[in-house]
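Reading the structure
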Amino acid sequence: MTTATQAVKKKTAAAGGKRKRQITLVLLLLPFLVMIGIFNYAPLFGWSYAFVDYTPGVSIWDCQFVGLKYFERIFFGSGDFLRVLRNTLAISLLNILFSVLPAIFAIAISQVRSKRYAKIVQTCTSIPNFISWVLVYSMVYMLLSSEASALNTILKSLGLIEESLSPLTNVDHAWAMQVGINIWKTLGYNAIIYLSAITSIDQELYQAADVDGANTFQKIIHVTVPGLLSTFFVLLLLAISNMLSNGFDQFWLLGNGMTWDKLEVFDTYVYRMGIRNMEYSLATAMGIFKSIVSIVLLSIANLGSKKLRGVSIF
Amino acid sequence: MTTASAAMPKKKKKRLSVANTINYVVLFLLMFICVYPMWYIFINSFSTPASITRGVFILPYDFSTEAYQNLGDITNIGSSIVVAVSRTVLGTILTVFCCSFCAYILAHRYLPCKKLFYRLFIVTMYLNAGFIPYYLTVSGIGLRNNFLVYILPYAVQAYFIILIKTYIESIPGELVESAEIDGAGIVRIYWQMILPLSKPILATIVVFAAVNQWNTWSDDMYFMQGRNSANLHCLQYLLYQELQASSVVDTSSAGAAAGAGIKVSPTSLRMAMSFVTIFPILCVYPFMQRYFTKGIMLGAVKG
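Here is a short report on the structure shown in this document. Every residue gets a number counted from 1 within its own chain, in the order that chain's sequence is written. By the order in which they are written, chains take letters starting at A while ligands take numbers starting at 1. In keeping with the model being predicted, local features are shown solely for residues with a pLDDT of at least 70 and side-chain atom pairs are shown and tallied solely at 80 or more, while totals for entire chains, interfaces and linings include all residues. Heavy atoms throughout the structure, all of them, feed into the side-chain values; hydrogens and water do not.

Turning our attention to the overall build of chain B. Helix numbers and strand numbers start at the N terminus; a helix is a DSSP run of H or I with at least 4 residues, a strand a run of E with at least 2. Helix and strand counts for chain B stand at 14 helices and zero strands. Secondary structure elements of chain B occur, N-terminal to C-terminal, as α-α-α-α-α-α-α-α-α-α-α-α-α-α. Counting across all 303 residues of chain B, residues that qualify as buried make up 49%. Across chain B, every contact between residues at least 6 apart in sequence was considered, and the portion connecting residues at least 24 apart equals 73%. Note that accessible areas follow from Shrake-Rupley with a 1.4 Å probe, and for residues the cover is restricted to the protein chains shown. Accessible area for chain B stands at about 14,600 Å²; split by element, carbon and sulfur atoms hold 67% of it. For the exposure calls, accessible area comes from a 1.4 Å probe over protein chains only, and a residue counts as buried if that area is under 20% of its type's maximum, exposed if over 50%, partly exposed in between. By definition in these notes, contact holds between two residues if any of their heavy atoms fall within 4.5 Å.

Only buried residues count toward a nonpolar core. Its members are Ala, Val, Leu, Ile, Met, Phe, Trp, Tyr and Cys residues joined through side-chain atoms within 4.5 Å. By size, the foremost hydrophobic cluster in this structure holds 139 residues, and its most contacted members are Leu29 of chain A together with Tyr104, Phe121, Val156, Trp217, Met221 and Phe292 of chain B. Among the elements that make up this core, the one with the highest residue count is helix α4 (residues 77-107) of chain B (13 residues). If near-sequence neighbours (up to four positions away) are discounted, Trp217 of chain B is found in contact with Val134, Phe248, Asp249, Trp252 and Leu253 of chain A together with Gln236, Tyr237 and Tyr240 of chain B. Counting 27 residues, the second largest nonpolar core, distinct from the first, contains Phe105, Ile107, Ile193 and Leu297 of chain A.

Accessible area lost on assembly of the parts is the figure often given for the size of an interface. Between chain A and chain B, the contact holds 87 residues from the first and 93 residues from the second. Here's the idea: put two parts together, see how much 1.4 Å probe accessible area each one loses, and the total over both is what we call buried area. Overall, the association of chain A and chain B removes approximately 8,100 Å² of surface from exposure, summing both partners, and the carbon and sulfur fraction of that is 76%. Pairs of N or O atoms are called polar contacts if they sit within 3.5 Å, as long as, within protein, a hydrogen donor faces a hydrogen acceptor (for residues adjacent in sequence, only side-chain-to-side-chain pairs). Summed over the shared surface of chain A and chain B, the result is 18 residue pairs in polar contact (both at pLDDT 80 or more). When residues of the side of chain A that touches chain B are assigned to their parent elements, the largest contribution, 19 residues, is made by helix α1 (residues 2-45) of chain A. Looking at the side of chain A that touches chain B residue by residue, the class counts come to 59 nonpolar, 21 polar and seven charged. Throughout, the ten residues Ala, Val, Leu, Ile, Met, Phe, Trp, Tyr, Cys and Pro are labelled nonpolar, Asp, Glu, Lys and Arg are labelled charged, and all others, Gly among them, are labelled polar.

For side chains of opposite charge, pairing can occur when their charged atoms come near one another. By convention in these notes, a salt bridge is any Lys or Arg side-chain nitrogen within 4 Å of a carboxyl oxygen on Asp or Glu. In total, this model carries ten salt bridges over all chains according to the counting rule given. Where Asp53 of chain A meets Lys69 of chain A, a salt bridge forms, and the shortest distance between an N and an O atom there is 3.3 Å. Placement of Asp53 of chain A in the loop between α1 and α2 (69-77) and of Lys69 of chain A in helix α2 is noted, with a sequence separation of 16 residues between them. Assessed through its relative accessible area of 27%, Asp53 of chain A is described here as partly exposed. In this structure Lys69 of chain A comes out as partly exposed when scored by relative accessible area, which is 36%. Of the charged contacts in the structure, one is a salt bridge between Glu169 of chain B and Lys165 of chain B, with a shortest N-O distance of 3.0 Å. One end of the pair is Glu169 of chain B and the other is Lys165 of chain B, both in helix α7 (residues 158-169) and four residues apart, which spans about a single turn. For Lys165 of chain B, a relative accessible area of 10% corresponds to the buried category.

Glancing now at the packing of aromatic side chains. Residues and elements named next belong to chain B. Aromatic contacts are taken between Phe, Tyr and Trp rings whose centres are within 6.5 Å, Trp giving its six-membered ring; a plane angle under 30 degrees counts as stacked, one over 60 as edge-to-face, and the others as tilted. Per the counting criterion, the structure on display carries 46 aromatic pairs over all chains. Each ring, one from Phe97 and one from Phe101, has its centre 6.0 Å from the other, and the planes form 20 degrees; the classification is stacked. With Phe97 and Phe101 both in helix α4, this residue pair falls four residues apart, about one helical turn. Residue class for Phe97 comes out partly exposed when judged on its relative accessible area of 37%. Pairing Phe97 with Tyr190 gives two aromatic rings, centres 6.2 Å apart and planes at 70 degrees, and the pair type is edge-to-face. Taken together, the residues Phe97 in helix α4 and Tyr190 in helix α9 (residues 186-197) connect sequence positions 93 residues apart. The exposure class assigned to Tyr190 is buried, which follows from its relative accessible area of 2%.

This is the structure:
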């Protein structure tokens, strides 16, 4: 009898302890929920700025409601939208096109017999990824584009050119230039993931290929490449879902008055319109468009991943 | 017959070694392209301005530290270094603490509505309100011209939480349970068990967070605009300003200035400043390499 009540007491005490612990856990999590609330969820209410004539300092309730005026202005008002969309998509697609390079680079490294050399190559080529865009700008400017740049000094002393080259202000090759810089910055770093995929390929497959008399090239094409395909597809899908965000830093820094026509992308346009030209409502509307399309692209990518590999990417 | 079969592999081997040589050379060239710009900045920053206009390509020419001595002339350079270092140190500590604590709570078996809370964090990776609403919100809570804008928005990051949570879940549950039986509370278990046990993944997070903090400059441009926040700029931003100013001024006048006996040309100053900005990254890079490799792998498994 006493033992039974004791047991019941113990049980309720344990339940009470559990309850208390649950509350403590939620309370401990609360400050962090507040933080993401402020920095990630609260800005969503700012979407309402796109539907009013917003002036800074005036409460949203006192602003004139204008419905879809700003969306209409974006899509039909000027050629800006089409130009920005064209640039954003063109640069993203070019980057996606060249996203096979890290895989090829990884295969090339894996063919190196000397492990030490492979390691050095890998180390050196992934440094650029950890350099800020400001420094990339500084390097590009001083090596290639300024009057006294290394490129100009060398070409002039060889007598190949008379006028200084200025690749950063050349509007015709602006996309190629930016895509090239991006490859330079990310090639080695992006190869790391492929290198690990290569090491996880079953060695028996290579041995079997050896038995069948395959040479190195045949082994690469029939064993290594198929082994990398799934990694490639995951990265491809992620790149597709990120297509509208090709980054503010690179284009704000490396773009200039001469190349804006080709290098104005969504991220820089929103900043220029919103903060520099104080067109808050217009820039917000543009941001909403970008966010919604990105979520749609992500869902499509996820669906594609489920279909192709049976795994969702997030 | 035997000679033919003996000759075949020999021929194959030779052809392969040609391909191999090409491979080695191409890889070497790529390596060169990646490293040379940094070397170029380094050697130029240690050369006299006059030799820079002539061209310095392999080794410092007319070794001089003038450019570095003149860095002090740049307005606010001292405070910018202090700000950059403090945002890197404080920001990294805050990020690692917040993300690991969140991950621990979210992995806790007694947390109610676990899935819902976890989702709330994960969604932040994909849901982006856009720059203007973010800018207005951050300004609205008084973070403009405030040092905290460098560290608070980065404190809780869903991607890091995923990485740490995955790691914490691999820690045997019995360890935590036995600590609970011994009467250790939630916070104490975090501090004395989870943190020390998850050191490997935390090292990875430290590397990523610190590099991001050191390299970020755009929040500086967005939020530090007033005259009274002139001493709150980071080194990266000062370099950006310096570069902007110099691309406006014709560089040929710099050459003329060097010829006229003015000691430091803008170019050599920029070189020195660039090198100061890149130096910390180059210093920690060899040590951090194995950590970021691990981080990418974990992210790949999950992401």
